[in-house]
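# Reading the structure
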Amino acid sequence: MPDDVNTETEEDFDDEEIDLSALNDDDLRAQMMDDLYDGLADEIAEGTNLFLSRGWGPDKVLGEVLVEGMRIVGIDFRDGILFVPEVLLSANSMKAGMAILRPLLAETGAEPIGTVVIGTVKGDIHDIGKNLVAMMMEGAGFEVFDLGINTDVDEYLEALEKHKPDILGLSALLTTTMPYMKVVIDTLSERGIRDDYIVLVGGAPLNEEFGEAIGADAYCRDAAIAASMATELITERRKAA
Amino acid sequence: MTTEPSAETESSGYEPRVSPPNSESVELKQLRRRRGGGRKGRQEARATSSAKSVAFLERTLPPVDMLDEAGYAQIEANAETILEEVGVAFQDFPSALELWKDAGADIRGDVVHFPKGMCRKIIQDNAPRSYVQHARNSERNVTIGNNTTVFAPNYGSPFAMDLDNGRRYATLEDFRNIVKLTYSLPQLHHSGGTVCEPVDIPVNKRHLDMVYSHIKYSDKGYMGSVTAPERAADSVEMSRIAFGGDLQDRTVMTSLINASSPLRWDATMLGAATVYAEANQASIMSPFILAGAMSPVTVAALAAQALAEALSGMAYYQLVRPGAPVIFGTFASSMSMATGAPTFGTPEAGQAIHVMAGLARRLGVPFRSGGQFTASKVPDAQAAYESASTLLPTVNAGVNFVLHAAGWLEGGLSIGYEKLIMDADQLGMMEVYARGIDMSENGQAMDAFRTNPAGEHFLGNAHTLKNFESAFYRSEIADNNSFEQWEEDGRLDAAQRANVRWKKLLADYEPPPLDSAIDEELLDFVGRRKSEMPDAAY
Ligand code: B1M
């Protein structure tokens, strides 16, 4: 048995270089979905460029390869097969693909997946959950501007002005800082810009009723829900428009 | 200003407990049954808790080391390397950077780089090995450090839960109830701090009601507010009033200052810590690390990082006021790599408690860690297992100040009324456990053997009659009866039995005396401070 060990490892991890350009479209698509799953950012960038050079439109690469690949990542994260650090690598790979596609999508006038401004509110430095949310959103193809921690209302306003996002995400982990979410939402209302954005809130001490009470569009209990809720509400809004 | 380490504090504090030989054996033989007040007297005596009402635990049980000399030394060396090479951020708090600069540290932006050994030396030259936190009732003063252990209740939960009402946002009423229950439970030595968040009170005024409740409804020591420097200052002022108008440099609060790991202290926490240090009040400078997210995943790495953070925090405290009492804190938990959720009661966290306690002993400062943690939402088997898996390492490691010792549920998001009662019962057991083995003559009980023929039971033996009442910890929660008896009693599980008990404790609660002039002055202060500021959401 011990003799088998070496050959076994070689079989288990087939490490040999794959020449992406040598694959036909179907195989390349399958390979890229694997590479997304394995979190290989360089390979995703390379594959994305290959598809574009083969005449695929950016929306087709996005929809049929990247979003589809990340959908599978999401399922396996939900089911406990993929772990957080792995999903982080997958999300970063998605980001690498998106960096190439985003300007092209804008040129063609295609509807982007969406833009998010997110931050932990003033007085609060809890950011682990918020970072996971940002990661999942990037994984879902959103462009995410993360304002970090301890964000006051002026910083949110400035970022909204600058990035014109679809979604404003607010995170708070303290009952002493949760009320500040309402301060932010009320300020948007005062300025007459509340309805320009979908406001999502989250953080362990929140709940559904609190989200409603402060006038958020939705409370998200975890990062996966936040990403799917974002997609859902944007689709709804675009339909209504 | 330096507090002289007292002579007593120089010893290890762990002396074997062997009483000098005495005439106990003679006494035994002459033991006569005395009148015990008949049925009524006995009923009254047995109705009271078997938990000893001690101000704090004085351990004879030696702490368990999980590392040898080389292991500790390696972690200490790694911490010094981290302090020097990576440094620690003191964010948005220029006065701290000034102090560090004057002390000879290398400041780059807001990151302080410490020459090797600097923090350790500042601490060892100045910080006391142990200190007394004075309580309103001096019988409840607690000594924190060396061989003592102090149990304090849960901290920081936005929700409260009990079997009747389920989980809801906590209110000031919940806060008062928990303070009253803690006062009534002899197993808890300290009233704690934010036992739960009174979410019904505006954010900028909560601390006034919380500190007042600790003073009014309990006479045990308590913690001050840390969510803003002015709230810390209010806590100091209220304590001054409560202790008769002048603290005379007495330490009457021990408050919780969390690091914002990795390797960072934030302005809110530094602001509060500075207020407390200046007033000679104690703080727990506490890295609170979810390993995986806030540190590398291994215990040795977490230990080096937590040591570096604690060293920088405690040394800062000594720069603000040399000799101010300060506790080395560590709250180690891990993040589920599968979901991102914090986990509790895991074996790695137990190891971390041991290693950090050893590092604190070597440094020569009091240590805070452990408690009874769980991620469970209800007081069920998961809650009990996870809590026990944290409590035993806590006690075996020789932790001096145990926050979250009772009541914690749901990763700290919720305080459970029943959980508080169940946990307190376990703490009572730990009091016995930590006392160590009684090696006195009575403990050895050789007379019992000499007076009992082989094969005969001991129930009527003089030694048994003399000792039986206090011989074994009698749990107030466990049911050891026959199945039939248990059925007759209503088939209650542990949580249901705890539910009955907290209701009885609350119904029987009587407040400790508080001088009416002091009470009035406190209420005036609270009223005035509240009227001075509009309700604020932060
Ligand atoms: C679109 O927008 C969205 C959508 C979804 C969103 C979203 C935004 N944000 C979150 N979500 C959702 O998706 C995420 C991923 O699934 C989820 O995010 P979560 O953040 O819930 O989950 C994370 C993946 C893991 N969870 C966490 O990271 C939080 C865990 C707990 C244990 C916690 C931690 C780790 C910390 N803490 Co703090 N901390 C606690 C927390 C108790 C708990 N069990 O939640 C809590 C929240 N803390 C508390 C306290 C008291 C404090 N903490 C403090 C400090 C810290 C650390 C720095 C030590 C550390 C944070 C490190 C960091 N970089 O974030 C202090 C405050 C500092 C400050 N100025 O803010 C301090 C005040 C302690 C002190 N006395 O020093 C308590 C709350 C008190 C209150 N007032 O309500 C607390 C419940 C623990 C307790 N019992 O004490 C969802 O909520």
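Heads up: these notes are all about the structure in this document.

About the criteria used
- Position numbers for residues count from 1 along each chain, tracking the sequence in the order it is written.
- A letter from A marks each chain and a number from 1 marks each ligand, given out in the order of writing.
- Given that this is a predicted model, residues contribute local features only at a pLDDT of at least 70 and side-chain atom pairs are listed and counted only at 80 or more, while totals for whole chains, interfaces and linings are drawn from all residues.
- Only heavy atoms go into the side-chain values, all of them from the structure, while hydrogens and water stay out.
- Numbering goes from the N terminus for both helices and strands, where a helix is a DSSP run of H or I of at least four residues and a strand is a run of E of at least two.
- Pairs of residues are marked as contacts when any of their non-hydrogen atoms sit within 4.5 Å.
- Per-residue and other accessible areas were derived by the Shrake-Rupley procedure at a 1.4 Å probe size, with only the shown protein chains allowed to occlude residues.
- Only four residue types enter the tally: Lys and Arg on the positive side, Asp and Glu on the negative side, with His and both chain ends excluded.
- To locate a charge, take atom NZ for lysine, CZ for arginine, CG for aspartate or CD for glutamate.
- DSSP-based pairing: two strands are paired if at least 2 bridges between them are found.
- Axis angles are defined between N-to-C directions and span 0 to 180 degrees, where every axis is a line fitted to C-alpha atoms and, for a helix, only to the segment in contact.
- The rule for donors is simple: an N, O or S atom within 2.8 Å of the metal counts, and for Na, K and Ca the reach is 3.2 Å. Water is not among the atoms, so a site may look short of donors.
- Between rings of Phe, Tyr and Trp, where Trp is taken as its six-membered ring, a pair exists when centres lie within 6.5 Å; planes separated by under 30 degrees are stacked, by over 60 edge-to-face, and by other angles tilted.
- Note on classification: 1.4 Å probe, protein chains only; a residue is buried when its accessible area is under 20% of the maximum for its type, exposed when over 50%, partly exposed between these limits.
- As used here, buried area is the combined drop in accessible area, with a 1.4 Å probe, of two parts when they are placed together.
- Salt bridges, as used here, are contacts in which a Lys or Arg side-chain nitrogen is within 4 Å of a carboxyl oxygen on Asp or Glu.
- Two N or O atoms form a polar contact when they lie within 3.5 Å of each other; inside protein one atom must be a possible hydrogen donor and the other a possible acceptor, and for residues adjacent in sequence the pair counts only when both atoms belong to side chains.
- Patches here: salt-bridge-free residues with over 30% relative accessible area, like charges joined within 9 Å, nonpolar side chains (Val, Leu, Ile, Met, Phe, Trp, Tyr) joined within 5 Å.
- Here a helix's expected span is defined as the number of its residues, less one, multiplied by 1.5 Å.
- Each residue is assigned a bend, namely the angle between axes fitted to the seven residues that terminate at it and the seven residues that start at it.
- Proximity is defined per residue: any heavy atom of the residue falling within 4 Å of a molecule or strand makes that residue near it.
- Under this grouping Gly is polar, as are all residues other than the nonpolar Ala, Val, Leu, Ile, Met, Phe, Trp, Tyr, Cys and Pro and the charged Asp, Glu, Lys and Arg.

## Observations concerning the overall build of chain A
A tally of regular secondary structure across chain A gives 10 helices and 5 strands. Seen along its three principal axes, the alpha-carbon backbone of chain A occupies a region of about 65 × 50 × 25 Å. Taking as baseline every contact in chain A between residues at least 6 positions apart, the subset at least 24 positions apart corresponds to 71%. Here chain A has roughly 12000 Å² of accessible surface; of this, 50% comes from carbon and sulfur atoms. Put simply, chain A has 18 plus and 50 minus side-chain charges, and the middle of one group is 12 Å from the middle of the other.

## Topic: the sheet that holds strand β5 (residues 218-220) of chain A
All names here are of chain A. Judged by pairing direction, the sheet is parallel, and its 5 strands sit side by side in the order β2-β1-β3-β4-β5 without closing on themselves. Two strands bound the open sheet, and with one partner strand each, they are β2 (143-146) and β5. Each neighbouring strand pair of the sheet contributes to a mean axis angle of 25 degrees, computed without reference to strand direction. The sheet contacts of helix α8 (residues 178-190) involve β3 (167-171) and β4 (198-202), and relative to β3 the element is tilted by about 155 degrees.

## A closer look at the coordination of the cobalt atom of the ligand
From the protein, the cobalt atom of the ligand takes a single donor atom, His126 of chain A (NE2), 2.2 Å away. Tracing the backbone through its elements, the reader meets His126 of chain A in the loop between β1 (115-120) and α6 (128-139).

## Some points on the packing of aromatic side chains
All names here are of chain B. Applying the stated criterion across every chain, the model contains 17 aromatic pairs over all chains. A centroid spacing of 4.1 Å and a plane angle of 5 degrees characterise the contact between Phe288 and Phe331, whose relative ring orientation is stacked. Note that Phe288 is positioned in strand β13 (residues 288-291) and Phe331 in strand β15 (residues 331-335), a separation of 43 residues in sequence. With a relative accessible area of 3%, Phe331 lands in the buried category.

## Digging into the interface of chain A and chain B
At the junction of the two partners, chain A supplies 21 residues and chain B supplies 22 residues. Note on chain A versus chain B: buried area summed over both sides is about 1700 Å², and carbon and sulfur give 68% of it. Interface area lost by chain A to chain B is led by Ile128, Thr175 and Thr176 of chain A, which between them contribute 32%. Counting the contacts that link chain A with chain B gives 0 salt bridges. Between chain A and chain B we count 4 residue pairs in polar contact (both at pLDDT 80 or more) in total. Within the residue set of the side of chain A that touches chain B, elements represented by two or more residues are α5 (84-108), α6 and α8 of chain A. At 4 residues, α8 of chain A tops the list of elements feeding residues into the side of chain A that touches chain B.

## Regarding a nonpolar patch on the surface
On the surface, a nonpolar cluster with roughly 300 Å² of combined accessible area is contributed by Met446, Phe449 and Phe458 of chain B. Its location among the elements puts Phe458 of chain B in the loop between α15 (446-450) and α16 (462-471).

## A look at the environment of Leu522 of chain B
As for its position among the elements, Leu522 of chain B is in helix α19 (residues 516-532). The spacing of Leu522 of chain B and Arg240 of chain B is 282 residues in sequence and 9.7 Å in space, taken between C-alpha atoms.

## A closer look at the sheet that holds strand β4 (residues 111-113) of chain B
Residues and elements named next belong to chain B. Reading across the sheet, the 4 strands line up as β3-β4-β2-β11 and stay open at both edges, with mixed pairing between neighbours. In this open sheet, the two edge strands, each paired with only one partner strand, are β3 (106-108) and β11 (264-265). Sheet analysis places strand β2 (residues 88-90) next to β4, joined by 2 bridges and oriented antiparallel. Along β4, the bridge assignment pairs Val88 with Val112. Along the sheet, helix α3 (residues 69-86) makes contact with β2 and β4, crossing β4 at roughly 125 degrees.

## Let's talk about helix α4 (residues 58-78) of chain A
Quick reminder: α-helices carry 3.6 residues per turn. Residues three or four places apart thus point the same way. Residue and element names in this part refer to chain A. Taking 1.5 Å per residue, 21 residues should reach 30 Å; α4 reaches 28 Å between its end C-alpha atoms and fits that length. Its maximal kink placed at Val67, α4 deviates by approximately 30 degrees. Those residues of α4 lying buried are Pro58, Val61, Leu62, Val65, Leu66, Gly69, Met70, Val73, Asp76 and Phe77. In this structure, the buried side of α4 is in contact with α2 (25-38), α3 (41-53), α5 and α6. At the C-terminal side of α4, Gly80 shows a positive phi close to 80 degrees.

## Thoughts on the pattern of salt bridges
Applying the stated rule across the entire model yields 38 salt bridges over all chains. Here Asp222 of chain A makes a salt bridge to Arg221 of chain A, at a shortest N to O gap of 3.9 Å. In this structure, a network of salt bridges that share partners links the residues Glu69, Glu76, Arg120 and Arg362 of chain B.

## Notes on the site of the ligand
Taken together, 47 residues sit near the ligand, with His126, Asp127, Ser171 and Thr175 of chain A together with Gly411 of chain B positioned nearest. Proximal residues around the ligand fall on chains A and B, making this an inter-chain site. Take Ala204 of chain A: an N or O atom from its main chain is 3.3 Å from an oxygen atom of the ligand. In the environment of the ligand, a nitrogen atom lies 2.8 Å from a nitrogen or oxygen atom belonging to the backbone of Tyr155 of chain B. Elements that contribute at least two residues to the shell around the ligand include exactly α6, β3, β4 and α10 (223-240) of chain A together with β10 (254-258) and β13 of chain B. For the shell around the ligand, the element with the highest residue contribution is α6 of chain A, accounting for 4 residues. Looking at side-chain class alone, the shell around the ligand contains 25 nonpolar, 16 polar and 6 charged residues.

## Description of unusual backbone geometry
Put simply, Ser261 of chain B and Pro262 of chain B share a cis peptide bond, and its omega is 5 degrees. In this structure, Asn150 of chain A takes a positive phi of about 50 degrees despite not being glycine. By the secondary structure assignment, Asn150 of chain A is in the loop between β2 and α7 (153-163).

## A look at the side chain of Asp76 of chain A
Among the structural elements, Asp76 of chain A can be located in helix α4. Excluding anything up to four places from it in sequence, Asp76 of chain A contacts Tyr37, Ile81 and Leu82 of chain A.

## Quick look at the pairing of strand β12 (residues 282-286) of chain B
Residues and elements named next belong to chain B. Within β12, 5 of the 5 residues are buried, which leaves the element mostly enclosed by the surrounding structure. Side chains of β12 alternate between two faces, with Ala282, Ile284 and Ser286 and Ser283 and Met285 buried alike. Taken together, the 5 bridges between β10 and β12 define a ladder with parallel strand orientation. Opposite Ser255, over in β12, you have Ser283 as the bridge partner. As paired elements, β12 and strand β14 (residues 326-329) share 3 bridges and run parallel to each other. Paired with Ser283 across the strands is Val326, a residue of β14.

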